[in-house]
Amino acid sequence: MAAKWLYWFDELGIGDIELVGKKCANLGEMTKAKVSVPPGFALSLEAYQRYMQISGLTEEISGFLQRFGEQGPGGYGEFLEASSFIRELMETKPMPPDMAAEIRQNYRSLCIQCDQEDVAVAVRSSGPVSMPGAFETYLNVRSEDDVIAHIVKVWASTFTVQAIGHRVNNNHPLLIPGIGVAVLKMVQAKTAGVAFTMHPTTMDNTKVVIEGTWGLGESVVGGGVSPDRIVVDKLTGEVEKHINPKLQQVVYKDKGTHTVDVPEALQNILCLNDDEIRRLVALALQVEKYYGVAQDIEWVFDDSQGTSDLYLVQTRNISVIKSRKKEAEQIADMMLRRVFHSRVG
Amino acid sequence: MDSYDITVFEFDEKVDLEKNPAWFLDATHSVPPWTPMFGWSWVNYCRHGMQWGAEKLQLPTCKGWDWRLKDGGGYLALLLVEDEEEIRRREEGFRKQLIPFLEDYDGMWQGYVNEMLGHYQRLKAFDIDTASNIDLMDHLEDAFRVNKRMWEIHFYMMYLVFGVFILFESVCKEMLDLDDTKPEFHKLMRGFDNKVFQVDKALWQFAKRARELELAEILLTAKPENYIKEIEAAPNGRQFMQEFRDFLWEDGWRANRMSEFNLPSWVEEPSLALVNVQKFLVKGGDFDLDQERQKLAAERKEIERSILTKVPEEQRDWFTAIMQLAQKSSSFSEEHNHYFDLWTHALVRRALVAWGRRLTATGTIGKPDDIFFLIPDEIYKVGLNPVMHDLKPVVARRRSEWQKYQQQENPPLISTISLEEAMQQMIKSNDPIVLKVVVGSFPVPKTELKADLYGISGSPGVAEGVARVVLNDADLAELKSGEILVAPSTYPSWTPVFPLLSGVVVDRGASLSHAAIVGREYGIPVVMNVFDGSKRIKTGQKIRVDGDMGVVYFIDQE
């Protein structure tokens, strides 16, 4: 049997970074922790290699690169030339039929699992080392054909001008072992935000602090709006609610996101009901217990299927990120107000 | 014709004033006026980098600056964002860009420096002497692409770094009533090493080495133009020069003027760097900065502690974070000159000089430095068959323009509105670079001090001494130990003379200007923004520089 190169998240864990890249390994670990992350599967670095070998791309690219001599492409112009040639070559090369068939089959399983025809997915790059922004990610991808096309696009993004330049300047080989790709269900956020299983400023570990707003969580994560704030006492279960006016929200557009006004009726009511708060706190505590240290969690409630489904999209140890992340947001606010005289934020 | 006639970015009074009512001369970089090649490069790539940086960052209220070339001078106008809706959209984008910077400044900066060092390594490895004209053409194009990329990173980082510095000033002023008119503020900003000081230290070590190898006498007695010849004739001389050239091949990619192509770099003419070695020999003793820095760092930590006790406990985390970033802005300001402007310009020059030699050999131009009176497009057009072309007439015309421009003073502002209104426009941009470098703070004369010049404090302390007015590089050679430097502005290539000085007075500048940063690290008083100091003070006049109050007294009256 051919080597395995496609894994569902529940088959993966944090030890699998070399196999499927960082993002997939993290999603796997969270799935293992019984945290409901958006369902999906990962293509390993091996899948990238298979595609490159079987379709003859490794050979064709090596052949093409010979024109730059032993030193490889030097200079921005040649990076650009190599990048556009290789990316076009890859994006027009069909996926080997056996691979395409297996991806189609697994995408159909995902549709069935989500109980949707042509479920919208995100196709994300998952490099074994962090190189933010280097490779592409595609949102709102639907249909078997599009999923396959976008996986290839993510693979081809290993030859962006920036990626080639980085390799040349650091004397790394131009052909790389590959990157992982995550294919996961798009979450339609009704409400989203962050939760800390320890008070992020007072470090009081008897509290869970939730911040949330309507729409996508990025305005909370990025500090763009004043979110609702809910503080729950872990021991007594007592809940403190602070409602903030939520004038705008971030939602998905065809590709990317945009900001729209929140309907007036929703502006001044809490973005979570009591049942949702209870479920979120229970899940947060479960994650904290699993990892053994306080967690900073990004969460989403999705009501697109008629029920209010809770997903976690990211979790991190508070000890590591606490101070810097929170500070950075606070400072960003101050910068807008004091240096650019902004009236919002 | 009364212009270089090389680019659509040459100033057109009718069209340009209609689009933008106020154009400011960039006196820091374009006095004396630029050659056509450098002016062309600046209005193309510096302009591009500035707008690229502002756009990538989504600076809420400013899209960078536009540039025009007039009589060899660089003129800038601000591209304001006035639509409220657009400002709000940009604020959102700006916040996103800001977060990773705030979380990991060091990683970001090091990443960009490494990227540039990678480009430099490639350019340095290119053999300009043996390459074919085809390859040399690619190499010139590569060098200009690197130049373009340099400006992109340059402004992306500079906007962020200066922005945080302004934020820190504003927070300090409001919470602690502490601003750059107070010595404590400057003491908070010093006691840091940076790459430029490390280069100075290497030069000091070469002074030591010259003594060891018994070559000091040559440096102390010979004329600079004979240094190399005489050193190489002496025993050990070749070994010394070999070591010195190896050092320059790594760290000597700079000319004595940062923003021009027409002066040699240290790599080309090691004697330019040996002059600085000679200054260390004259001065004798240890490298002051190391001991000085320990003292300044200890003093700084003491002030940090006392300031933090005045900050409410729950606000200390972010206060400390902003303070640490603001403290890095001095090092950034110095290091980016070394790693970005100076290095890139020296490597572009290297490619241009190679073309200058080739086109001279084919009779296309009259002498190698005619190349600075062309633009890259013209080189590309004649490069493959230079014998078939004669560019001497066009060079002659532009050179005579350039010579004329050197004799005249470009007006500081070309505008259809008043200076006050033009300044208001600048302030409205909230552009951190404008505020920190171009405008500076306007001194409020503290008349009760009965001083002769009122400025702002750049570095604390008080010193008395004899003034030395320095208008250009050549004047630097006259400078004697213990004198007070008086100049329109100081430049990165002047850093090595700071150990000789007892104080500095400059006409323009703010707390992140070169003179302030270096003065702080050497612990000598600096007064900036006195406007006409270099005109009113005369060489030889005794003056007192009060860096604590930001004023200058004339002991010998005019």
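A quick note: this is a predicted structure, and the numbers were derived from the prediction, not measured.

Cut-offs applied
- Residues numbered from 1 in each chain as written.
- Chains lettered and ligands numbered in written order.
- Predicted model: local features only at pLDDT ≥ 70, side-chain atom pairs only at ≥ 80, totals over all residues.
- Heavy atoms only, no water.
- Helix = DSSP H or I, 4+ residues; strand = E, 2+ residues; numbered from the N terminus.
- Buried < 20%, exposed > 50% of the residue type's maximum accessible area, 1.4 Å probe, protein only.
- Areas by Shrake-Rupley, 256 points an atom, 1.4 Å probe, with all protein chains shown as cover.
- Lys, Arg positive; Asp, Glu negative; His and termini not counted.
- Charge placed at Lys NZ, Arg CZ, Asp CG, Glu CD.
- Salt bridge = Lys/Arg side-chain N within 4 Å of Asp/Glu carboxyl O.
- Pairing = 2+ DSSP bridges.
- Axes fitted to C-alpha atoms, helices over the stretch in contact; angles between N-to-C directions.
- Parallel < 35°, antiparallel > 145°, perpendicular 65-115°, else oblique.
- Contact = heavy atoms within 4.5 Å.
- Nonpolar A, V, L, I, M, F, W, Y, C, P; charged D, E, K, R; others polar.
- Polar contact = N/O pair within 3.5 Å; in protein donor to acceptor, adjacent residues only side chain to side chain.
- Phe/Tyr/Trp six-rings, centres within 6.5 Å; stacked < 30°, edge-to-face > 60°.
- Lys NZ or Arg CZ within 6 Å of the ring centre and 35° of its normal.
- Left-handed = near helix turned anticlockwise from the far one by under 90°.
- Buried area = accessible area lost by both parts, 1.4 Å probe.
- Domains from an automatic or database assignment.

> Lay out the overall build of chain A in plain terms, naming residues and giving numbers.
Helix and strand counts for chain A stand at 12 helices and 13 strands. Along the longest, intermediate and shortest principal axes, the C-alpha atoms of chain A span 65 × 50 × 40 Å. Among the 345 residues that make up chain A, the fraction classed as buried is 52%. Summed over its atoms, the accessible surface of chain A is roughly 15700 Å², and 51% of this surface lies on carbon and sulfur atoms. Chain A carries 35 positive and 44 negative side-chain charges, and their two centres are separated by 4 Å.

> Any chance you could break down the pattern of salt bridges for me, citing the residues and the numbers?
Residue and element names in this part refer to chain A. In this structure the tally under the stated criterion is 54 salt bridges over all chains. Of the charged contacts in the structure, one is a salt bridge between Asp275 and Arg279, with a shortest N-O distance of 3.6 Å. Highlighted residues: Asp275 and Arg279, both in helix H11 (residues 274-291), separated by four residues, approximately one helical turn. A residue is classified by how much of its surface remains accessible, and Asp275, at 36% relative accessible area, is partly exposed.

> Pulling in residues and values, what's your account of the sheet that holds strand E9 (residues 239-242) of chain A?
Hydrogen bonds between backbone atoms are what pair the strands of a sheet, whose relative direction is either parallel or antiparallel. Residues and elements named next belong to chain A. Strand order in the open sheet made by the six strands is E9-E8-E7-E6-E12-E13, with antiparallel pairing throughout. At either margin of the open sheet sits one strand with a lone partner, and together these are E9 and strand E13 (309-317). Mean inter-strand twist for the sheet, computed between neighbouring axes without regard to direction, equals 20°.

> So what's going on with the pairing of E9(A)? Residues and values would help.
Residue and element names in this part refer to chain A. Bridging between strand E8 (residues 228-233) and E9 involves four bridges; their strand directions are antiparallel. Pairing of Val232 across the sheet is with Val239, part of E9. Joining the antiparallel neighbours E8 and E9 is a turn of five residues, in which Gly237 adopts a positive phi near 75°.

> Which residues make up helix H3 (residues 45-54) of chain A, and what values do they have?
All of the buried residues along H3(A) are Leu45(A), Ala47(A), Tyr48(A), Arg50(A), Tyr51(A) and Met52(A). Where H3(A) ends, the next residue or the one after it, Gly56(A), has phi of about 80°, a positive value.

> Outline the packing of helix H8 (residues 195-212) of chain B against helix H14 (residues 316-361) of chain B, listing residues and values.
Residues and elements named next belong to chain B. One way to put it is that H8 packs onto H14 with a least axis distance of 7 Å and a crossing angle of 70°. Between H8 and H14, the angle falls in the class roughly perpendicular. Side by side, H8 and H14 meet where Lys195, Val196 and Val199 of the first sit next to Glu334, Glu335, His338 and Tyr339 of the second. Tallied by class, residues from the contact of H8 with H14 come to three nonpolar, one polar and three charged.

> Quick one: what's the story with the side chain of Ser30(B), residue by residue and with numbers?
Residues and elements named next belong to chain B. Mapped onto the secondary structure, Ser30 falls in helix H2 (residues 27-30). One polar contact links the side chain of Ser30 to the main-chain carbonyl oxygen of Asp26, over a distance of 2.8 Å. A polar atom in the side chain of Ser30 sits 2.9 Å from the backbone nitrogen of Gly74. Those residues within four positions of Ser30 in sequence are excluded, and the remaining contacts are Leu25, Gly72, Gly73, Gly74 and Arg257.

> Could you give me a rundown of the packing of aromatic side chains, with the residues and numbers involved?
Applying the stated criterion across every chain yields a total of 44 aromatic pairs over all chains. Chaining the aromatic ring pairs together yields one cluster made of Trp34(B), Phe38(B), Trp40(B), Trp42(B), Tyr45(B), Trp65(B), Trp67(B), Phe144(B), Trp151(B), Phe155(B) and Phe261(B). The lysine or arginine in question, Arg67(A), covers the ring of Phe85(A), its NZ or CZ lying 6.0 Å from the ring centre. The cationic tip of Arg167(A) hangs over the ring face of Phe159(A); the distance from NZ or CZ to the ring centre is 5.3 Å.

> Could you give an account of the packing of H8(B) against helix H12 (residues 270-283) of chain B, naming the residues involved and the relevant values?
Residue and element names in this part refer to chain B. One way to put it is that H8 packs onto H12 with a least axis distance of 8 Å and a crossing angle of 70°. The orientation of H8 relative to H12 falls into the category roughly perpendicular. Of the two possible hands of crossing, H8 and H12 adopt the one that is right-handed. Within the contact between the two elements, H8 uses Asp200, Leu203, Trp204, Phe206, Ala207 and Arg211 and H12 uses Ala273, Asn276, Val277, Phe280 and Leu281. Taken together, the residues that form the contact of H8 with H12 break down as eight nonpolar, one polar and two charged.

> How would you summarise the interface of chain A and chain B if you had to cite specific residues and measurements?
Accessible area lost on assembly of the parts is the figure often given for the size of an interface. Taken residue by residue, the interface counts 33 residues in chain A and 35 residues in chain B. Summed over both sides, the interface between chain A and chain B buries roughly 3100 Å², with carbon and sulfur atoms accounting for 61% of that surface. Together, Met335(A), Arg338(A) and Phe340(A) form the three largest contributors to the area buried by chain A at its contact with chain B, with a combined 23%. In this assembly, chain A and chain B are joined by two salt bridges. Its salt-bridge partner being Glu174(B), residue Arg338(A) comes within 3.1 Å of it at the nearest N-O pair. At the junction of chain A with chain B, the criterion picks out five residue pairs in polar contact (both at pLDDT 80 or more).

> Can you tell me about the pairing of strand E3 (residues 121-126) of chain A, naming the residues and giving the values?
Residues and elements named next belong to chain A. Among the six residues in E3, five count as buried, and that is most of the element. Inspection of the sheet shows E3 paired to strand E4 (residues 137-141) by three bridges, in the antiparallel sense. Residue pairing across strands places Arg124 opposite Thr137, the latter belonging to E4.

> Quick rundown of the side chain of Ser330(B)? Include the residues and the values.
Within the secondary structure, Ser330(B) sits in helix H14. With residues near it in sequence (within four places) discarded, Ser330(B) still touches Met189(B), Leu512(B), Ile517(B) and Arg520(B).

> Can you tell me about unusual backbone geometry, naming the residues and giving the values?
Residue and element names in this part refer to chain B. Omega for the bond connecting Val31 with Pro32 falls within 30 degrees of zero, at -5°, which places this linkage in the cis form. Assignment of secondary structure puts Pro32 in the loop between H2 and helix H3 (36-57). For Asp71, which is not glycine, the phi torsion reads 50° and is therefore positive. Positionally, Asp71 belongs in the loop between strand E2 (62-70) and strand E3 (73-80). For Glu214, which is not glycine, the phi torsion reads 55° and is therefore positive.

> With reference to specific residues and values, describe the domain arrangement of chain A.
All names here are of chain A. Assigned domains of chain A: these are domain 1 (6-185) and domain 2 (189-339). Centre-to-centre separation of domain 1 and domain 2, based on C-alpha positions: 30 Å. Counting residues at the interface gives 16 residues for domain 1 and 16 residues for domain 2. Together domain 1 and domain 2 conceal approximately 1400 Å² of surface at their shared face, both sides included; 53% is due to carbon and sulfur atoms. The largest contributions to the domain 1 side of the interface with domain 2 come from Met30, Ser36 and Leu139, which together make up 32% of the buried area. At the junction of domain 1 with domain 2, the criterion picks out one salt bridge. The partner of Asp302 in a salt bridge is Lys185, with the nearest N and O atoms 3.9 Å apart. One can count four residue pairs in polar contact (both at pLDDT 80 or more) joining domain 1 with domain 2. If you list the elements that add at least two residues to the side of domain 1 that touches domain 2, you get helix H2 (22-32) and E4. Ranked by residues supplied to the side of domain 1 that touches domain 2, first place goes to H2 with three residues.

> Residue-level account of the domain arrangement of chain B, with values.
Residues and elements named next belong to chain B. Domain boundaries assigned for chain B yield domain 1 (1-103 + 362-439), domain 2 (148-350) and domain 3 (440-554). Each of domain 2 and domain 3 was reduced to a C-alpha centroid, and the two centroids are 18 Å apart. In this assembly, 32 residues from domain 2 lie in contact with 24 residues from domain 3. For the pair domain 2 and domain 3, the summed buried area comes to about 2600 Å², and 61% of that belongs to carbon and sulfur atoms. Per-residue buried area on domain 2 facing domain 3 is highest for His186, Arg190 and Lys279; these three make up 21% of the total on that side. Linking domain 2 to domain 3 there are zero salt bridges. Our count for the domain 2 to domain 3 interface comes out at seven residue pairs in polar contact (both at pLDDT 80 or more). Listing elements by their share of the side of domain 2 that touches domain 3, those giving two or more residues are helix H6 (133-176), helix H7 (183-187), H8, H12, helix H13 (288-309) and H14. With six residues, the top contributor of residues to the side of domain 2 that touches domain 3 is H14. Tallied by class, the residues present in the side of domain 2 that touches domain 3 amount to 13 nonpolar, nine polar and 10 charged.

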